[in-house]
Amino acid sequence: MRYVRKSGFYLGLFLFALFSVFPVAWMVITAFKEDSDLYNVDNNPFLYNLPPTLKHIEYLFTSTHYPTFLWNSLFIGVLVVVITLVLAVPAAYSLARLVGRWGERSGIAVFLVYLIPPTLLFIPLYQLISFAHAANTVWALVLVYPTITVPFCTWLLLGFFKSIPRDLEDAAMTDGCSRWQAFRRVSLPLAMPGIATCVVFAFALSLSDYIYAASFVSSTAARTVSAGVPIELIRGDIYFWQSLMAAGAIVAIPLAIAYGLLFNKLVKGFAATSG
Amino acid sequence: MATLELRGIHKHYGAAHAVDGIDLTVADGEFLAILGPSGCGKSTTMRMIAGLETPTIGQVLIGDQDVTHLPPRARNVSMVFQSYALYPNMSVAKNIAFPLKARGVPKAERDARVAKAAQTMGITALLERSPVRLSGGEKQKVALARALVRDPALYVFDEPLSSLDAQVRAMARSELRQLHDRTKVTTVYVTHDQLEALGMGDRIAVMKAGRVRQVGTPKELYGAPADTFVAGFLGSPPMNLIAAEGKIIGFRPEGIGVSRAGTPVASDQFAVTARIVELEFLGSTWQIYAVQGAGEAAQKFIAHVSPQVVTTLEVGSDHVFTVPRAELHLFDAKTGLRVTA
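Residues numbered from 1 in each chain as written. Chains lettered and ligands numbered in written order. Predicted model: local features only at pLDDT ≥ 70, side-chain atom pairs only at ≥ 80, totals over all residues. Heavy atoms only, no water.

1. Let's talk about the interface of chain B and chain A
What counts here: Residue contacts follow a heavy-atom distance rule, with two residues in contact if any of their heavy atoms lie within 4.5 Å. Values labelled buried area give the accessible surface lost by two parts on being combined, using a 1.4 Å probe and summing over both. The term salt bridge refers to a side-chain nitrogen of Lys or Arg lying within 4 Å of a carboxyl oxygen of Asp or Glu. Here a polar contact means two N or O atoms within 3.5 Å. Within protein one must be a hydrogen donor candidate and the other an acceptor candidate, and residues neighboring in sequence count only if both atoms are side-chain atoms. A run of DSSP states H or I qualifies as a helix once it reaches four residues; a run of E qualifies as a strand once it reaches two. Both are numbered from the N-terminal end. As a working rule, the residues Ala, Val, Leu, Ile, Met, Phe, Trp, Tyr, Cys and Pro are called nonpolar, Asp, Glu, Lys and Arg charged, and the rest polar, with Gly in that last group.
Contact with chain B, which involves 24 residues of that partner, is made by 19 residues of chain A. Overall, the association of chain B and chain A removes approximately 1,800 Å² of surface from exposure, summing both partners, and the carbon and sulfur fraction of that is 58%. At the surface where chain B touches chain A, the tally comes to three salt bridges. The closest approach of N and O atoms between D175(A) and R146(B), which form a salt bridge, is 3.5 Å. Where chain B packs against chain A, one counts six residue pairs in polar contact (both at pLDDT 80 or more). At the level of secondary structure, the elements contributing two or more residues to the side of chain B that touches chain A comprise α1 (42–50), β6 (77–80) and α2 (92–102) of chain B. The dominant element in the side of chain B that touches chain A, judged by the number of residues it contributes, is α2(B), at four residues. Taken together, the residues of the side of chain B that touches chain A sort by class into 15 nonpolar, two polar and seven charged.

2. Some remarks on the side chain of D170(A)
Inspection of the secondary structure puts D170(A) in helix α9 (residues 166–174). When neighbours within four sequence positions are excluded, D170(A) is seen to be in contact with R47(B), L52(B) and F81(B).

3. Notes on the pattern of salt bridges
This is how it is decided: Buried means the residue's accessible area, taken with a 1.4 Å probe over protein chains only, is under 20% of the maximum for its type, while exposed means over 50%, and partly exposed covers the values in between.
Tallied over the full model, the rule gives 20 salt bridges over all chains. Across the pair K42(B) and E159(B) runs a salt bridge whose closest N-O atoms are separated by 3.5 Å. Note that K42(B) is positioned in helix α1 and E159(B) in the loop between β7 (154–158) and α5 (166–183), a separation of 117 residues in sequence. Of the two residues examined, K42(B) and E159(B), each falls in the buried class. Residues joined in a network through salt bridges with shared partners are D170(A), K11(B), R47(B) and E53(B).

4. Observations concerning the nonpolar core
For the record, the criterion: Buried Ala, Val, Leu, Ile, Met, Phe, Trp, Tyr and Cys residues form a nonpolar core when they are joined through side-chain atoms within 4.5 Å.
In this structure, F161(A), F216(A), L4(B) and V156(B) are the most contacted members of the largest nonpolar core, which totals 101 residues. With near-sequence residues (within four places) excluded, L4(B) lies in contact with L24(B), T25(B), V26(B), I49(B), V60(B), L61(B), I62(B), L154(B) and V188(B). The next biggest cluster of nonpolar side chains, apart from the first, holds 35 residues, and it includes F31(B), V105(B), I123(B) and A145(B).

5. With respect to the domain arrangement of chain B
Residues and elements named next belong to chain B. Applied cut-off: All domain edges in this entry derive from an automatic or database-based domain assignment.
Partitioning chain B into structural domains gives domain 1 (4–227) and domain 2 (237–339). At the interface, six residues of domain 1 touch eight residues of domain 2. For the pair domain 1 and domain 2, the summed buried surface comes to about 540 Å²; carbon and sulfur atoms form 52% of the total. When residues of domain 1 are sorted by the area they lose upon contact with domain 2, Y222, P225 and D227 head the list and together hold 69% of the total. Remark: the boundary between domain 1 and domain 2 carries zero salt bridges. There are three residue pairs in polar contact (both at pLDDT 80 or more) connecting domain 1 and domain 2. For the side of domain 1 that touches domain 2, the residue count by class is four nonpolar, one polar and one charged.

6. Brief notes about unusual backbone geometry
Residues and elements named next belong to chain B. Residue P237 is bonded to the preceding S236 through a cis peptide linkage, with omega at -5 degrees. With respect to the helices and strands, the residue P237 is situated in the loop between α8 (228–233) and β11 (240–244). In this model, E159 sits at a positive phi of 40 degrees, which is unusual for a non-glycine residue. Look at E159 and you get buried, because its relative accessible area is 7%. Here A209, not a glycine, exhibits a phi torsion of approximately 45 degrees, which is positive. In this structure, A209 sits in the loop between β9 (203–208) and β10 (211–216).

7. Quick notes on α2(B)
In terms of burial, α2(B) is a largely internal element, nine of the eleven residues being buried. Buried within α2(B) we find V92(B), A93(B), N95(B), I96(B), A97(B), F98(B), P99(B), L100(B) and A102(B). Against α9 and α10 (179–190) of chain A together with α3 (107–121) and α4 (136–148) of chain B lie the buried residues of α2(B). Phi turns positive, to about 75 degrees, at G104(B), one or two residues after α2(B).

8. Notes on the sheet that holds β9(B)
All names here are of chain B. As a reminder of what qualifies: When DSSP locates at least two bridges between a pair of strands, those strands are taken to pair. Only the contacting stretch of a helix is used when fitting its axis, a line to C-alpha atoms as for every element, and angles between N-to-C directions run 0 to 180 degrees.
Pairing within the open sheet is mixed, and its six strands lie in the order β6-β7-β8-β3-β9-β10. At either end of the open sheet lies a strand with only one pairing partner, and these are β6 and β10. Ignoring which end each strand starts from, the neighbouring axes of this sheet average 20 degrees apart. Here α1 sits on the sheet in contact with β3 (31–35), β6, β7, β8 (187–191) and β9, set at roughly 150 degrees to β7. Contacts from α4 reach β6 and β7 within the one sheet, and its direction differs from that of β6 by about 175 degrees.

9. Here's the deal with the side chain of T30(A)
By secondary structure assignment, the location of T30(A) is in helix α1 (residues 2–31). Judged by its relative accessible area of 8%, T30(A) is buried.

10. A word on a nonpolar patch on the surface
Residues and elements named next belong to chain A. For clarity, the threshold we go by: Patch members must show over 30% relative accessible area and no salt bridge, and they are joined within 9 Å when carrying like charges or within 5 Å when they are nonpolar side chains of Val, Leu, Ile, Met, Phe, Trp or Tyr. The accessible surface values rely on the Shrake-Rupley method and a 1.4 Å probe; as for residues, cover is taken only from the protein chains in view.
Taken together, W71, L74, V78, V82, V86 and L87 make up a surface patch of nonpolar side chains, about 560 Å² in accessible area. Tracing the sequence through the fold places W71 in helix α4 (residues 66–97). On the basis of relative accessible area, W71 is assigned to the exposed category, the value being 52%.

Have a look at this one:
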């Protein structure tokens, strides 16, 4: 009986893993295919009917600006994460500790800002960006993404900081810490799962955004992966499928692994603070 | 080790006066219990001693040094919280070592002192565990170990036993008191539980509405309460208070004589005629609930009598309750303050 239940569990797990891996695996398989293999409808799309080739990946790196896009995305992503944390952590902490009605109301007000869709905001924001002489540079996006990430992350962290009892900080202060040390040694480590979530959210958002990236930046040198790749690899009605898939997989796979590792830590963090 | 002195302490939050003028002196090595109902300002007072709040008016002196405006870390006060406030992201050992680490004590000395504190509290086996998985009693011991690992000038306890089971609480009470007798560190112990205050305190300060109503040894407070509030707060059940002869008259449930209505009363006895509402079996004694008068003017009181007496009583009918006049406590009907007959 136990054996049956256990094998059922693993079967479920296997099916779930298959489901998750399937699109990524298809991307990877496609990226190495010859054109004549890919475009023959009689061929099995999941197998190599002709020997795999590296030429589309070579094309991606040598004949497009993909390396520049990669670098821009990474640069913007890291800066957006830093700006988000620098603004959202102190904001959330002070709102959480601000007693009375105003703390809660401000928290909700901050969150409401996040709900305004980018399609409404990108025209007024473009004016601000031009005013700051940042249009057409990576800085345009570095400045704009925090308008989404900071409110959301502040609201998210607000919940985390609220769940940390004040007694813990009071105890740390009577144990010999200053206000700042009590925050850094006790509250901040306990909010780590929330902060990790914010890192993932802010990075993923700046990587996946299309509307701001496409509208604020027109020079190729400042484009990100999400805006640059479709512009360079979809020409009219011609899709460079293999290079497109490669461009996607190269970003997606390392990120998936990094998030997986981070998620493990997250769960451990949750387990340590609850119960 | 140090004395503690509070001079004219006030704490105002806008119009609300949480603490409204407290003067209190705690001698070196003394165990002072601050007793009061919730919201009486006792926790605020304690937080001002620890430095977590700054008094609106007044001074806090520890060992003759004015610490009113010093932050908690500069006061060397060890505080034990009602919630224990153990750091959930650290092991028990790291929790106990935390105050030492914050003060920059070297690692080798830290380890030695943690081991000693753990041994004192009997929690050596728990050192590597996470505090999250401990029982209430174990958490409380860890919190105490963390408080005593450094040599504080003063301990302040904020209802440290109130989240324990009744049985564990009685044990913890005697352990705490023994700990104090060994270390002789000045201690302020805040509680709403009169049993803890009576059992542990060298002296008790009874607080109500931001003021200290009476300070004294448990016997003084029990034997001569300064006002009706203190009288009605100490003892279980507390002193009976009824209005009679133009005063408020207090008498303990013990030592009350009961006889059938109409029985003549000696002149040295205070007598009340009241109806018995209910009899309750408490093991060695019986508890009588009695009501004098009716409606708005009805006054209730409680008497403890022996099983032999109970057999002569009848629920629902009037009886004469007598107390020797020498054992009465008299209070002013308006102010509630104790008066001498």
